[in-house]
Amino acid sequence: MSAQPAVLEVDDVVKVYRGGMRANDGISLEVAAGEVFGMLGHNGAGKTTLLNQVVGIARPTSGRIHIEGHDAVADPEMARQVCSMQPQAQAPLEGVAPAEAIELMARIRGASRARARRRTAELVEGLDIGAWATTKGERLSGGVQRLTAFAMAVAEPGRLVMLDEPTNDVDPVRRRLLWAQVRELAQAGCAVVLVTHNVLEAERAVDRLVILDEGRVIAHGSPAQLRGEHAGQLRVEAETVSPEVARDVARGAVGGRPATVAGRRVIVSIPVEDSAGALAWAAREQQEGRIESFSFAPVSLEDIYVRLVGPDPDTEEVDDAPVEP
Amino acid sequence: MRRWSRSFGLLLKWNLLRVRTELPMFAAVQTLIAAGIVLGFSLIIPSIDAEAALYLTTGAMTISLITVGMVVAPQIVAHRKAQGLLDYQRSMPVPRLAMLAADAVVWIVAALPGLVVVLGVAALRFDLAFAMSPLLVPAIVLVSAGAAAIGYGIAYAAKPALVGLYTNLVLIVALMFSPVNYPADRLPDWAAAVHAWLPFQYMAQAIRETIDVPAGGIPVLPFVVLAGWAAVGLAVTSRVMTRRV
Ligand SMILES: Nc1ncnc2c1ncn2[C@@H]1O[C@H](COP(=O)(O)OP(=O)(O)OP(=O)(O)O)[C@@H](O)[C@H]1O
Ligand SMILES: [Mg+2]
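These numbers were taken from a predicted model, which means no experiment stands behind them.

Analysis parameters
- Residues numbered from 1 in each chain as written.
- Chains lettered and ligands numbered in written order.
- Predicted model: local features only at pLDDT ≥ 70, side-chain atom pairs only at ≥ 80, totals over all residues.
- Heavy atoms only, no water.
- Helix = DSSP H or I, 4+ residues; strand = E, 2+ residues; numbered from the N terminus.
- Rg over C-alpha atoms; globule rule 2.2 N^0.38 Å.
- Buried < 20%, exposed > 50% of the residue type's maximum accessible area, 1.4 Å probe, protein only.
- Contact = heavy atoms within 4.5 Å.
- Areas by Shrake-Rupley, 256 points an atom, 1.4 Å probe, with all protein chains shown as cover.
- Buried area = accessible area lost by both parts, 1.4 Å probe.
- Salt bridge = Lys/Arg side-chain N within 4 Å of Asp/Glu carboxyl O.
- Near = heavy atom within 4 Å.
- Polar contact = N/O pair within 3.5 Å; in protein donor to acceptor, adjacent residues only side chain to side chain.
- Nonpolar A, V, L, I, M, F, W, Y, C, P; charged D, E, K, R; others polar.
- Pairing = 2+ DSSP bridges.
- Axes fitted to C-alpha atoms, helices over the stretch in contact; angles between N-to-C directions.
- Donors = N, O, S within 2.8 Å, 3.2 Å for Na, K, Ca; no water.
- pLDDT = per-residue confidence, 0-100.
- Phe/Tyr/Trp six-rings, centres within 6.5 Å; stacked < 30°, edge-to-face > 60°.
- Domains from an automatic or database assignment.

## With respect to the overall build of chain B
On a plain count of helices and strands, chain B comes out with 10 helices and zero strands. Reading chain B from its N end, one meets helices and strands in the order α-α-α-α-α-α-α-α-α-α. On C-alpha atoms alone, chain B measures out to a radius of gyration of 18 Å, which is about the 18 Å that the 2.2 N^0.38 rule sets for 245 residues. When the backbone C-alpha atoms are referred to their principal axes, chain B occupies close to 55 × 40 × 35 Å. Residue burial in chain B is summarised as follows: out of 245 residues, 52% are buried. Counting contacts in chain B only where the partners sit at least 6 residues apart, residues at least 24 apart contribute 81% of the total. Here chain B has roughly 11000 Å² of accessible surface; of this, 73% comes from carbon and sulfur atoms.

## Some points on the interface of chain B and chain A
Each partner contributes to the interface: chain B provides 26 residues, whereas chain A provides 31 residues. Roughly 2900 Å² is buried in total at the junction of chain B and chain A, and carbon and sulfur atoms are behind 57% of that figure. When the buried area of chain B at its contact with chain A is split by residue, B:W14, B:Y88 and B:R244 rank highest and sum to 29% of it. Where chain B meets chain A, there are two salt bridges.

## Details of the site of ligand 1
All names here are of chain A. Contacts to ligand 1 come from 14 residues, most closely from G44, K47, T48, T49 and Q88. Within the backbone of G44, an N or O atom sits 2.8 Å from an oxygen atom of ligand 1. In the environment of ligand 1, an oxygen atom lies 2.9 Å from a nitrogen or oxygen atom belonging to the backbone of G46. Protein burial of ligand 1: of its 640 Å² of free accessible surface, 66% is covered by the chains. With three residues, helix α1 (residues 47–54) is the largest single contributor of residues to the shell around ligand 1. When its residues are assigned to classes, the shell around ligand 1 shows four nonpolar, eight polar and two charged.

## Points about the sheet that holds strand β7 (residues 160–164) of chain A
All names here are of chain A. Strand order in the open sheet made by the six strands is β6-β7-β8-β3-β9-β10, with mixed pairing throughout. The sheet terminates laterally at β6 (83–86) and β10 (216–221), the two strands that pair on one side only. The average angle at which neighbouring strand axes cross in this sheet is 15°, direction not considered. Across five bridges, strand β9 (residues 208–213) lies against β10 in antiparallel orientation. Each residue of the ladder has a partner; that of L209, found in β10, is G221. On the sheet, helix α5 (residues 142–154) packs against β6 and β7 and is oriented at approximately 180° with respect to β6.

## Here's the deal with the sheet that holds strand β14 (residues 291–298) of chain A
Residues and elements named next belong to chain A. Spatially, the four strands line up as an open sheet ordered β12-β13-β11-β14, and their pairing is antiparallel. Of all strands in the sheet, those bounded by a partner on one side alone are β12 (259–262) and β14. The average undirected angle you get between the axes of adjacent strands in this sheet is 20°. Of the pairings in the sheet, the one linking strand β11 (residues 233–240) to β14 comprises seven bridges and is antiparallel in character. If you follow E237 over to β14, its bridge partner there is S295.

## Brief notes about the coordination of the magnesium ion (ligand 2)
All names here are of chain A. T48 (OG1) and Q88 (OE1) make up the full set of protein donors to the magnesium ion (ligand 2), lying at 1.9 to 2.2 Å. Placement of T48 in helix α1 and of Q88 in the loop between β6 and α3 (98–108) is noted, with a sequence separation of 40 residues between them. Relative accessible area serves as the criterion here: at 32%, Q88 is assigned to the partly exposed category.

## Things to note about the confidence of the model for chain A
The predicted model of chain A has a mean per-residue pLDDT of 88, with 92% of residues at 70 or higher. Per-residue pLDDT stays below 50 along residues 312–325 of chain A; that stretch engages in 17 contacts with residues further than four places along the chain or on separate chains.

## Focus on the confidence of the model for chain B
Low pLDDT means the predicted atomic positions in that stretch should not be read closely. All names here are of chain B. For chain B, per-residue confidence averages 88 on the pLDDT scale, and 100% of positions sit at 70 or higher. Mean pLDDT across the elements of chain B bottoms out in helix α4 (residues 86–90) (83) and peaks in helix α9 (residues 200–211) (94). Across the assembled chains, the prediction reports ipTM 0.83 with pTM 0.83.

## Some remarks on the pattern of salt bridges
All names here are of chain A. Applying the stated rule across the entire model yields 23 salt bridges over all chains. Among the ionic pairs, R264 bridges to E292, the shortest N-O distance being 3.4 Å. Pair noted here: R264 is in the loop between β12 and β13 (265–271) and E292 is in strand β14, with a separation of 28 residues, a long-range link. For R264, a relative accessible area of 31% translates into the label partly exposed. One network of salt bridges, in which partners are shared, links R22, D25 and R216.

## Details of the packing of aromatic side chains
Taken as a whole and judged by the stated rule, the model has four aromatic pairs over all chains. Arranged with centres 6.0 Å apart and planes meeting at 75°, the rings of A:F294 and A:F296 form a pair that is edge-to-face. The exposure class assigned to A:F294 is partly exposed, which follows from its relative accessible area of 28%. Considering the side-chain rings of B:F26 and B:W107, the 4.7 Å spacing of their centres and the 70° angle between planes classify their relative orientation as edge-to-face. Of the two residues, B:F26 sits in helix α2 (residues 23–44) while B:W107 sits in helix α5 (residues 96–126), which places them 81 residues apart along the sequence. Classification of B:F26 by relative accessible area gives buried; the value is 14%. Take B:W107: its relative accessible area is 12%, and that puts it in the buried class.

## Digging into the domain arrangement of chain A
All names here are of chain A. Domain annotation of chain A identifies domain 1 (6–221) and domain 2 (229–318). Using only C-alpha atoms to locate each centre, domain 1 and domain 2 end up separated by 38 Å. Counting residues at the interface gives 12 residues for domain 1 and six residues for domain 2. Both sides together, the interface formed by domain 1 and domain 2 hides about 800 Å², and carbon and sulfur atoms give 77% of it. A per-residue breakdown of the area domain 1 buries against domain 2 is headed by V199, E203 and I211, which together make up 50% of the total. Here domain 1 and domain 2 share zero salt bridges between them. Taken together, the elements giving at least two residues each to the side of domain 1 that touches domain 2 come down to β3 (36–41), α7 (199–205), β9 and β10. The biggest single contributor to the side of domain 1 that touches domain 2 is β9, with four residues.

This is the structure in structure tokens:
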């Protein structure tokens, strides 16, 4: 745990909506200043619900939420002052251009005119949306609207910044620009909560994360911690010529390590130190014409994520069961 | 209070930016409608005496403000609700009522030129001379605020699909079946009794009796009733807006 005091403290929060939906089921977490904190989870896992309770749009059924030590449930006005949020819903940009909206939002959050101007220019430049800076909202593409909403939230950031799927609809190049801005926020001392479905990018963008499943935290830690025992491992994936060959290849894979077969694919986890041997094995199999192609990659957070919240392997269609050697 | 006025000012600026292209059109149409009510009704009723003319003129002004507050404003809220923009607004660090006021003020101000034109048209058409009181200004503010508060109250409380229905109803009741364009004694007793509780006749009276002050002076009752209605509307609205799901 980091030495910084927590900016956001969520303690055993339960949210049951009218109608009985248990959207949050005992969530606890802490986000410190200077930290980018990821929140992952399937659709309907309760991510937006949790953010809405922090800014007082929803009220927890039970549990406590504190922002910089102040009770956010008792004082939602305070919460909205301290926390800038980019909601999952699109921002109301009808009739206003991105540059105008960003500047106004910065001023509403308390920035002086000069500072609001400067930050607007920085963000328009930093997110590369200059070409649309003066285009009215209704004529903007979805991605530029999303980037504008992001800029509105962070132009004059509070001590806590919460971003609900900020990279939706955004192209890969601008997504990187956005992650760079998020990193800068953290370096400036903000606590950043980041909801995203993009596990691969989250892995690089966040310091710590939780994975939510049906309103509960099922994993908690840094990306490296979550990879855990898999951290020093490589994932070797080989595409064989046929499912029969795949089973055969799997039996002798990298000196008899347990392998997983999915159709024609064979997947083996190996320690990084063994990569030379594994490479020799794969090259030999390829020469013998049993493997068409192969790849080596670190075990990714996405592998872990899918393993944790993905469909139950027993009921899965794909034949993903380990083969006895 | 400083935060309130700062938020209000910035939100107002935002709204002005948002509607800058529609605003002149809105003001023009609003003026045409108000002038149309004066001229149209004077065709329906051929011989108009000074009293009827005063009712028509001030009635047209009242209808104009009612339209803005109880029809236009709620429709905008309903539109936003349908687009899912309310949650965005709810997450903004601004006082709720500043947000409402900034919304309403734009449209009310856009309706003001129409009011002046109506007075001019009526003065020409009917040769009216008015004994105007400076209390007309607070009367206009109160009528607008009351209308907008009630309009918002219903728009925030009702389903968006029903808001269109309700605004049509308000318009017809206000235009045809309220003692706005004519004195209350033309209504059947039961209707007059109902209107004693509704805001319409008090809105009309506040405008009428500050434009042409009656011999007995300006009565207090309409102002009190309107303030009451405005308070109820604001209470409902702020309750709905700050309610947490
Ligand atoms: N206002 C509401 N009233 C009732 N149920 C709700 C409400 N808002 C959300 N829910 C339900 O609560 C659950 C969690 O919703 P939430 O929006 O928090 O999910 P999420 O993790 O943000 O999902 P997504 O990734 O799709 O945005 C869902 O089952 C949803 O249907
Ligand atoms: Mg969500």
